[in-house]
Amino acid sequence: MKRILVGVLVALPLFIAAMPKQASALVIDIGGHHHHRWIRGHWERRHNHRVWIRGHYER
């Protein structure tokens, strides 16, 4: 039982560190300074239906 508990306590910080982080709101291209704006996910009306648009970068 102690081995399982120790294993979980060791693995938990590694799992948290490996989780994907939210994307940065600012991206700089190598060729110049092109700032990208993060657009959050939102609902849009298309063809008389509501459609979920995922978050994305926009120039």
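Presented here is a report on the structure given in the accompanying data block. None of the values given here were measured: they were computed from a predicted structure. (Residues numbered from 1 in each chain as written. Predicted model: local features only at pLDDT ≥ 70, side-chain atom pairs only at ≥ 80, totals over all residues. Heavy atoms only, no water.)

### A word on the overall build of the chain
Basically, it comes down to this: Runs of H or I in DSSP of at least four residues are treated as helices and runs of E of at least two as strands, each being numbered from the N terminus. Note on classification: 1.4 Å probe, protein chains only; a residue is buried when its accessible area is under 20% of the maximum for its type, exposed when over 50%, partly exposed between these limits. In this analysis, two residues are considered to be in contact whenever any of their non-hydrogen atoms come within 4.5 Å of each other. Using the Shrake-Rupley algorithm and a 1.4 Å probe, accessible areas are obtained, with residue cover drawn only from the displayed protein chains.
What the chain contains, in helices and strands, is 1 helix and 4 strands. Expressed as a percentage of its 59 residues, the buried residues of the chain come to 5%. For the chain, the share of sequence-separated contacts (at least 6 apart) that also reach a separation of at least 24 residues comes to 15%. Summed over all atoms, the accessible surface of the chain reaches about 6,000 Å², with 64% contributed by carbon and sulfur.

### Describing unusual backbone geometry
Non-glycine residue His47 carries a positive phi angle of around 50°. Residue position: His47 is located in the loop between strand S2 (42-46) and strand S3 (49-53). His47 sits in the exposed class, given a relative accessible area of 74%. The residue Asn48 is not glycine, and still its phi comes out positive at about 65°. In this structure, Asn48 sits in the loop between S2 and S3.

### Focus on the packing of aromatic side chains
Where we set the bar: Between the rings of Phe, Tyr and Trp (Trp by its six-membered ring), a pair exists once the centres lie within 6.5 Å; its type follows the angle of the planes, with under 30 degrees stacked, over 60 edge-to-face, and the other angles tilted. We call a charge positioned over a ring when the NZ of a Lys or the CZ of an Arg lies within 6 Å of the ring centre and within 35 degrees of the ring normal.
Under the counting rule described, the total for this entry stands at 2 aromatic pairs. Ring centres 4.9 Å apart and planes at 70° place the aromatic pair Trp38 and Tyr57 in the edge-to-face group. Residue Trp38 is located in strand S1 (residues 37-39), and its partner Tyr57 is located in strand S4 (residues 56-58); the two are separated by 19 residues in the primary sequence. Taking the centre distance of 5.3 Å and the plane angle of 65° together, the rings of Trp43 and Trp52 count as edge-to-face. When the ring centre of Trp43 is taken as origin, the NZ or CZ atom of Arg50, which lies over that ring, is 4.6 Å away.

In short, the description is geometric, and any link to function would need to be established separately.
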